[in-house]
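Chain by chain, the residues run as shown.
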Amino acid sequence: CIRDRENTVAIPGKNNFTITKIDVVQNPEQYLSINFSDPIKKQQNFDGLITIQNTKNPKYIVDGNVLKAYTNTKITGNITVDVFQGIKNTEGYKLKKPFSETISFQEIKPQIRLINSGVILPNSQELKFNFGAVNLKKVDLKIIKIYEDNVLQFLQDNELQGGNENSIRQVGRRIAKQTITLVNDGLENTGKWKTYSADLSKIFTADPGALYRVELSFKKSYSFYDCSTNQNITNSENNDNYYEDEYYDDEYYERDYQESTSENEDQREEDYWDNVTYRYRNYNYNWRERDNPCHDAYYNQDRELSQNLLASNLGVIVKKGANNNYYFAVTNILNTNVEPNAEIALYNYQQQEITSTKTDQDGLAKIETNNHVAFAIVSKNSNKTYIKLRDGRALSLSKFDVSGNHLQRGLKAVSYTHLRAHET
């Protein structure tokens, strides 16, 4: 079914300099973006020609036909913006008529995000874990240890960088937790994304060969979000997305949440790791309020982040050749030097060792085997690196044809000619 649609776009004339759109940009820093119909003249004074309610001495940057207005303080709520005649475009034409509009400056909702996506964390001296956060005074950090002798079991059904809660529980356990203070005072909060770093070496001692899962979460009490100025905006957004035939009973989930929060959280978590209970986290489920930072339902498991980390200095490249030949190149991540005498052991899916070898003076090794290999463990001194081997993991065939051809016999030649273009 093809539906005919019609959209009318107003195109101002050359001598009809006007404002076409005005937007609020919150990330990475807050500013007002005023879009004009023509490129703006740069050498002009905008003071007095633009007023932003409750703001003094904004700074301006001209970017083609966009004028960016930066305020010296964070703005929230509904603000009136006035643009007066006198602003000129590059042709010298002035704004035809004044512009006035009420703009919604909504705060960025409290969030966290990962900075790095890698798994291997070189253990030079400190184990730095970097993350970003906005409008949060604190975050809760938990460390779950996947024990060395359970790593291959974990890799049977999970990737090195992934894994859900239930699969982690089978092979690991929470060993440390800490609440990290990001901002001490609300006056210090800028309402903008900032990068933070946690030194994990001060929280736990990493054992060689173990895999560690770092989990980040936050509670409603950690939020700097100003519900007094943003509540109406948030409710409006939620009502637009609300389905009248909502399946779940919100009151039931809210009541269940309030009753269970009085329990001993630490004991419930210990019961979870002992496989006594299915889950230890309790969330206030309310689909309609899931994106409302002023409601408990916003602070659910979807806001949590996790990353697996392996403290190791060994970087490994593995390529599979013909006849199940495996080629390894091992280097030191800290100084990029090759790693001779690094031990390489191959395992099948049942975690049984198939064969092993060591790298030569160039950090290279070749292993021939008739068995299907599922995992490889590369170790030297106290460092270990795990590789999950599977066909098609090394190179993507979706964009390039890298399969090649195997010649059965004889030679294969390519003939080409050189063509020259002549002018006529």
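If you're wondering where the values come from, they're calculated on a predicted model, not measured in any experiment.

## Points about the overall build of the protein chain
In step 1: Counting secondary structure elements, the protein chain contains five helices and 22 strands.
In step 2: The contacts in the protein chain between residues at least 6 apart in sequence include a share of 69% that link residues at least 24 apart.
In step 3: Element-wise, carbon and sulfur atoms account for 44% of the exposed surface of the protein chain, whose accessible area totals about 26100 Å².

## Let's talk about the packing of aromatic side chains
In step 1: In the structure shown here, the tally under the stated rule is 10 aromatic pairs.
In step 2: When the centroid spacing of 4.7 Å and the interplanar angle of 40° are considered together, the rings of Phe204 and Tyr212 count as tilted.
In step 3: Of the residues examined, Phe204 reaches a relative accessible area of 9% and is grouped as buried.
In step 4: Ring centres of Tyr298 and Tyr299 lie 5.0 Å apart, and the angle between their planes is 75°; this geometry places the pair in the edge-to-face category. In this structure, Tyr298 and Tyr299 share a single accessibility class: buried.
In step 5: Ring pairs connect the aromatic residues Phe129, Phe131 and Tyr196, which therefore count as one cluster.
In step 6: Across from the ring centre of Tyr298, 3.8 Å away, lies the NZ or CZ of Arg303, which sits over that ring.

## A word on the pattern of salt bridges
In step 1: Applying the stated rule across the entire model yields 17 salt bridges.
In step 2: Between Asp207 and Lys145 there is a salt bridge, and its shortest N-O distance comes to 2.3 Å. Taken together, the positions of Asp207 in the loop between strand 13 (194-199) and strand 14 (211-217) and Lys145 in strand 11 (residues 138-146) put the pair 62 residues apart, joining distant regions of the chain.
In step 3: A salt bridge links Asp274 to Arg173, with the nearest nitrogen and oxygen atoms 3.0 Å apart. Of this pair, Asp274 sits in the loop between helix 5 (265-273) and strand 15 (305-311) while Arg173 sits in strand 12 (residues 172-181), and the two are 101 residues apart along the sequence.
In step 4: Taken together, the shared-partner salt bridges in this structure form one network comprising Lys142, Arg173, Arg174, Glu269, Glu270 and Asp274.

## Here we look at helix 5
In step 1: Taken together, the buried positions of helix 5 are Arg268, Glu269, Tyr272 and Trp273. Buried residues of helix 5, seen end-on, are gathered within an arc of 140° and therefore sit on one face of the element.
In step 2: After helix 5 finishes, the residue Asn275 shows a positive phi value of roughly 65°.

## Considerations on unusual backbone geometry
In step 1: Even without glycine at this site, Asn54 takes up a positive phi of about 65°.
In step 2: The topology assignment puts Asn54 in the loop between strand 3 (50-52) and strand 4 (59-63).
In step 3: We classify Asn54 as exposed; its relative accessible area is 67%.
In step 4: A positive phi angle is found at Asn341, which is not glycine, with a value near 60°.
In step 5: Mapped onto the secondary structure, Asn341 falls in the loop between strand 17 (325-332) and strand 18 (343-347).
In step 6: We classify Asn341 as partly exposed; its relative accessible area is 47%.

## Let's talk about the sheet that holds strand 20 (residues 364-368)
By way of backbone hydrogen bonds, the strands of a sheet pair with one another, either parallel or antiparallel.
In step 1: If you walk across this open sheet you meet the three strands as 16-17-20, and the pairing is antiparallel. Two strands bound the open sheet, and with one partner strand each, they are strand 16 (314-320) and strand 20. Geometrically, the sheet is characterised by an average inter-axis angle of 20° between neighbouring strands, direction not taken into account.
In step 2: Sheet analysis places strand 16 next to strand 17, joined by seven bridges and oriented antiparallel. Considered in strand 17, the bridge of Ile317 is made with Ala329.

## A look at the state of the cysteines
In step 1: On inspection of all chains with the given rule, the structure shows one disulfide.
In step 2: Here Cys227 is linked by a disulfide to Cys294, with a sulfur-sulfur distance of 2.1 Å. Because the torsion about its S-S bond is -115°, the bridge between Cys227 and Cys294 counts as left-handed. One end of the pair, Cys227, is in helix 3 (residues 227-240); the other, Cys294, is in the loop between helix 5 and strand 15, and 67 residues separate them in sequence.

## Regarding the sheet that holds strand 4
In step 1: Taken together, four strands build an open sheet; the order of strands is 1-2-5-4 and the sheet is antiparallel. Edge positions in the sheet fall to strand 1 (19-25) and strand 4, since each of these pairs with one other strand and no more. Across this sheet, the average inter-strand angle for adjacent strands is 20°, counted without regard to direction.

Calculation notes
- Residues numbered from 1 in each chain as written.
- Predicted model: local features only at pLDDT ≥ 70, side-chain atom pairs only at ≥ 80, totals over all residues.
- Heavy atoms only, no water.
- Helix = DSSP H or I, 4+ residues; strand = E, 2+ residues; numbered from the N terminus.
- Contact = heavy atoms within 4.5 Å.
- Areas by Shrake-Rupley, 256 points an atom, 1.4 Å probe, with all protein chains shown as cover.
- Phe/Tyr/Trp six-rings, centres within 6.5 Å; stacked < 30°, edge-to-face > 60°.
- Buried < 20%, exposed > 50% of the residue type's maximum accessible area, 1.4 Å probe, protein only.
- Lys NZ or Arg CZ within 6 Å of the ring centre and 35° of its normal.
- Salt bridge = Lys/Arg side-chain N within 4 Å of Asp/Glu carboxyl O.
- Arc of directions from axis to C-beta.
- Pairing = 2+ DSSP bridges.
- Axes fitted to C-alpha atoms, helices over the stretch in contact; angles between N-to-C directions.
- Disulfide = S-S within 2.5 Å.

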